[in-house]
Amino acid sequence: MIAYLIRRILYAIPILIGVNLLTFALFFVVNTPDDMARMQLGVKRVTQEAIDKWKQQRGYDKPLLLNSAADGADKLTDTIFWKKSASMFVFDFGYSDDGRSIGREIAKRMGPSLTIAIPTFLVGLAVYISFALLMTLFRATVLDMAGVALCVLLMSISGLFYIIGGQFVVSKLWHLVPISGYAGGADSFKFVVLPILIGIAGGIGSSSRWYRTIFLEEIGKDYVRTARAKGLSELRVLFTHVLKNAMIPILTGVVVVIPLLFMGSLLTESFFGIPGLGSYTIDAINAQDFSVVRAMVFLGSVLYIVGLILTDISYTVVDPRVRLQ
Amino acid sequence: MNFIPVILWSDALVFLLLATIIAAVWYVRRHEHLLLPWRRVVHNSVAMVSLLLLSLLLTIGLLDTLHFRVALPQANGSDKVYSPEVLSVFDKLVEPLRAQTEKTYSEPFALRLYARESMSDAQGNIVRDFPRLKYGGAHLADESQRTADILKRALLGGGLGLLVGLLSFYLTHRTLHCASGCDLAASFTTMVLTTLIGAVVSLAAAYHVLGTDKVGQDVLYLSLKSIRTGLIIGTVTTLVTLPLALFLGVAAGYFRGWVDDVIQYIYTVLSSIPSVLLIAAMVLMMQLFIDKHADWFDLAILRADARLVALCLILGLTSWTGLCRLLRGETLKLREMEYIQAAQSFGVSGLRILARHIMPNVMHIVLIALVMDFSALVLAEAVLSYVGVGVDPTMISFGTMINGARLEMGREPMVWWALAAAFGFMLVLVLAANLFADAVRDAFDPRLNRTGP
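Since we're looking at a predicted model, the values are computed, not measured.

**Student:** Explain the overall build of chain A to me, please; I cannot follow it from the model alone.
**Tutor:** Within chain A one finds 16 helices and 0 strands. Looking at chain A as a whole, 48% of its 325 residues qualify as buried. Restricting the contact set of chain A to residue pairs at least 6 apart, pairs at least 24 apart contribute 68%. For chain A, the computed accessible surface area is about 16000 Å², with 67% contributed by carbon and sulfur atoms. Averaging the coordinates of the 30 positive side-chain charges in chain A and doing the same for the 23 negative ones gives two points 7 Å apart.

The following block contains the structure:
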């Protein structure tokens, strides 16, 4: 297994290089740093000096790929590609346009993001799977059909509606929790409970329906008949036997997103004013701060690849037949 | 001529798509085995009801795609000059809705504005009150007649609509001779729809049925215009997704070796970037690019349209990987089939095997994936516009409507109608698309074995 993991990690390197090159091409070749400066300075007629100053302050005043003015190794390393793009491999994200260290900002904002994301993920998973198992229990009855119809209806509603509607009803009409904001420590409960609930409600339609199809595929198999023949109750059969055997397809979709929980949710965080990574990204997009967007793109891909590796490992945990070689 | 037709980029792509669909329909009609799954779709009442709704929305969208510019009144002898405003046939059809703008917000069916204004009363005193609307219910001399007038108009319009619905029901049953084949649910929906349309048309002539927005535009008009944007995002994107996923996926699965490695590498790289971030990054770059070449677009609508097309392109570039992976897997299975081996031993070339033997056999996957993606794309548009990487802010879309109305959430009393209208129309569009997609999937999925339609 160790050998397998090492191979997977080695395989991740060319992919990350690809991501890095892609973002580099997007951010520096399609539009040059001059364009960026012009847009950031925001005036129609910007002088070349102002552009040069902007570039120099942020370290964009270097050649893109090859610095012919420098000597030796500096020819390659004293370039925008090396300083701004390749440096992300050691998680050195540089500075945002307002001069703050992106790495420190990420570390600071991870906490609030996780406070929302982890409960949403865990409680949500439990709710979706239970709902799907209940639909499977009542399969081919009116209850099941009503459940599926509800799922289709719920997944047809825009995610924005859940947020706006939830804020309006819970915070504005009933005054139960503040509309938005965040506080650390024990105070955070009243701020995070609504985003978590809304996050769960938003996913219930598509997730439950997806799990239901997985369970329905399992329910026709022989071991289910055996379990029933042994006299186990239908609930017991579903919640222990079927659930365990459906773990592989469930894990395939679920484990991948666990590392991405760090990134937070763009919409929820910005609507509820939670100072996490999601709202950081949105602010960066709105302010057109490319260095932050670039860092987030790279971080996101790293986390995604970690998720893929975790998925493989999780298979061996739930299914002893799976061997990683 | 008093106008010149204008074909925007998005229009051209829509026409291209339409031509493809017509060609596909013509092809399928001549092949019984291809027709069979569609028969199953037709026999599904949920599918027919949602198809009916979809085609109504599609008609609105298509009418809104035929653009033209009106000639300005000209002085004698001078050259003809066309208005910079690009209108569509749909705009012309609902001209009053478009032209009758109020000053600012007004509630649905309101007679008065939503904001107080200083005005002088009959005695010449300055008072602050809600002024009457310029157009909404302007024909009423007495405000107390409003309820009766609304009822009268709704009944009249609804009745007429119902009559049309009944007539079409009678005619279809006469001409199609369907004792058992015709779908009662669809006929019933037709009648409900015609009644509703009749009532809304008759009411919209005198009131702002869904109120007005911040700059006084009719919300009903904005919602109807948003349909085109949503449809374009949902459909034109497939023009990018489809060829990429189809050719690369099938080629990777069939040729294997280094071709497979390269294609797998490309889609792993693309899919490992979280899609919102990749879209955001690409849209930001595209925005910068369009700003830099502002002189390419002499009309504001051209710039907005270029952004829409570019957004479709970007959404397509970021969303083909899932389908590509599916197709690769399916082709890997198919290439071991006997009929492929037979073709290979006859010496049929690789490309020909792909085109004649493999592609037709993965088409059901493509179709299912495309109809399933549609609703996701419509929903994504609203989210992207909120994030600030969606369509141009001047383009009417569900996203920009929600975005504009959201800022008024804090207003007391709340301005709810624009949000409600945008979410409502979006729900109808997405729900119909989802239900139709489900029916298509059920009909085409070979795993569900069945006999006959």
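After that view, the rundown keeps rolling.
**Student:** Mind showing me how you'd approach the environment of Phe168(A) here?
**Tutor:** Secondary-structure assignment places Phe168(A) in helix α8 (residues 159–173). Looking at Phe168(A), the relative accessible area reads 25%, which means it is partly exposed. It is 8.2 Å that separates the C-alpha atoms of Phe168(A) and Ile179(A), two residues lying 11 residues apart in sequence. If sequence neighbours within four positions are ignored, Phe168(A) has contacts with Leu173(A), Met409(B) and Met414(B).

**Student:** Looking at this structure, I do not really get the interface of chain B and chain A. What am I missing?
**Tutor:** How big an interface is tends to be stated in terms of the accessible area lost upon association of its parts. The interface is formed by 45 residues belonging to chain B together with 46 residues belonging to chain A. Here chain B packs against chain A, burying approximately 3900 Å² in sum over the two surfaces, 75% of which is carbon and sulfur. If you sort the residues of chain B by the area they bury against chain A, Leu277(B), Met285(B) and Leu288(B) come out on top, with a joint share of 16%. Between the two partners, chain B and chain A, sit 1 salt bridge. For Arg209(A), the salt bridge is made with Asp438(B), and the minimal N-O distance between the two is 2.7 Å. The interface formed by chain B and chain A holds 5 residue pairs in polar contact (both at pLDDT 80 or more) in total. When contributions to the side of chain B that touches chain A are tallied by element, the ones reaching two or more residues are α9 (257–272), α10 (275–292), α14 (350–387), α15 (398–406) and α16 (417–444) of chain B. Per-element accounting of the side of chain B that touches chain A gives the leading share, 12 residues, to α10(B). A breakdown of the residues in the side of chain B that touches chain A according to their chemical character gives 31 nonpolar, 7 polar and 7 charged.

**Student:** Which parts of the structure should I look at to understand the layout of surface pockets?
**Tutor:** Over the atoms, a rolling probe the size of a water molecule traces out where space has been left empty. Residues and elements named next belong to chain B. In this model, the second largest pocket occupies a volume close to 850 Å³. When contributions to the lining of the second largest pocket are tallied by element, the ones reaching two or more residues are α3 (45–63), α4 (89–93), α5 (95–99), α7 (184–204), α8 (219–255) and α16. For the lining of the second largest pocket, the element with the most residues is α7, which contributes 7 residues. Across the lining of the second largest pocket, the residue classes break down as 25 nonpolar, 1 polar and no charged.

**Student:** Just to check I follow, could you spell out the environment of Leu277(A) for this structure?
**Tutor:** Residue and element names in this part refer to chain A. Relative to the helices and strands, Leu 277 is located in helix α15 (residues 277–287). Classification of Leu 277 as buried rests on a relative accessible area of 0%. Remark: the alpha-carbon pair of Leu 277 and Val 256, spanning 21 residues in sequence, is separated by 18 Å. Leaving out residues up to four positions away in the same chain, Leu 277 has contacts with Ile 106, Arg 109, Met 110, Ser 113, Phe 262, Met 263, Glu 269 and Met 296.

**Student:** Mind showing me how you'd approach the sheet that holds strand β3 (residues 82–88) of chain B here?
**Tutor:** Strand pairing in a sheet is mediated by backbone hydrogen bonds. Such pairs are either parallel or antiparallel. Residue and element names in this part refer to chain B. Read from one edge to the other, the open sheet built from 3 strands follows the order β1-β2-β3, with strand pairing classed as antiparallel. Lying at the two open borders of the sheet, with one neighbouring strand each, are β1 (3–6) and β3. Neighbour-to-neighbour, the strand axes of this sheet turn through a mean angle of 30 degrees, independent of strand direction. For strand β2 (residues 67–71) and β3, the ladder comprises 4 bridges, and the chain directions are antiparallel.

**Student:** Sorry if this is basic, but what is going on with the pattern of salt bridges here?
**Tutor:** Oppositely charged side chains may form a pair once their charged atoms are brought near each other. Within this structure, the stated rule accounts for 25 salt bridges over all chains. A single network of salt bridges, built from pairs that share partners, joins Arg100(A), Glu105(A), Lys108(A) and Arg109(A).

**Student:** I keep staring at unusual backbone geometry and nothing clicks. Help me out?
**Tutor:** With the exception of glycine, the majority of residues adopt a negative phi angle, and the majority of peptide bonds are in the trans configuration. For His175(A), which is not glycine, the phi dihedral falls at a positive 55 degrees. As for its placement among the helices and strands, His175(A) is situated in the loop between α8 and α9 (188–219). Positive phi, normally seen in glycine, also occurs at Phe109(B), with a value near 60 degrees. Given a relative accessible area of 21%, Phe109(B) falls into the partly exposed group.

**Student:** Is there a simple way to think about the packing of helix α2 (residues 33–41) of chain A against helix α3 (residues 48–58) of chain A in this case?
**Tutor:** Each packed pair of helices is defined by two parameters, the angle between the axes and the distance between the axes. Residues and elements named next belong to chain A. Interhelical geometry of α2 versus α3 gives an angle of 105 degrees and a closest axis separation of 9 Å. Taken together, α2 and α3 sit at an angle that is classed as roughly perpendicular. In this structure, α2 contributes Pro 33, Asp 34, Met 36, Ala 37, Arg 38, Gln 40 and Leu 41 to the contact, and α3 contributes Gln 48, Ala 50, Ile 51, Trp 54 and Lys 55. Taken together, the residues of the contact of α2 with α3 break down into 7 nonpolar, 2 polar and 3 charged.

Rules of the game
- Residues numbered from 1 in each chain as written.
- Chains lettered and ligands numbered in written order.
- Predicted model: local features only at pLDDT ≥ 70, side-chain atom pairs only at ≥ 80, totals over all residues.
- Heavy atoms only, no water.
- Helix = DSSP H or I, 4+ residues; strand = E, 2+ residues; numbered from the N terminus.
- Buried < 20%, exposed > 50% of the residue type's maximum accessible area, 1.4 Å probe, protein only.
- Contact = heavy atoms within 4.5 Å.
- Areas by Shrake-Rupley, 256 points an atom, 1.4 Å probe, with all protein chains shown as cover.
- Lys, Arg positive; Asp, Glu negative; His and termini not counted.
- Charge placed at Lys NZ, Arg CZ, Asp CG, Glu CD.
- Buried area = accessible area lost by both parts, 1.4 Å probe.
- Salt bridge = Lys/Arg side-chain N within 4 Å of Asp/Glu carboxyl O.
- Polar contact = N/O pair within 3.5 Å; in protein donor to acceptor, adjacent residues only side chain to side chain.
- Nonpolar A, V, L, I, M, F, W, Y, C, P; charged D, E, K, R; others polar.
- 1 Å grid on protein atoms, 1.4 Å probe; cavity = no way out; pocket = protein on both sides within 12 Å on 5 of 7 lines; lining within 4 Å.
- Points joined across faces, edges and corners; volume = space filled by probe spheres on them.
- Pairing = 2+ DSSP bridges.
- Axes fitted to C-alpha atoms, helices over the stretch in contact; angles between N-to-C directions.
- Parallel < 35°, antiparallel > 145°, perpendicular 65-115°, else oblique.

Keep in mind these numbers describe shape, not what the thing actually does.
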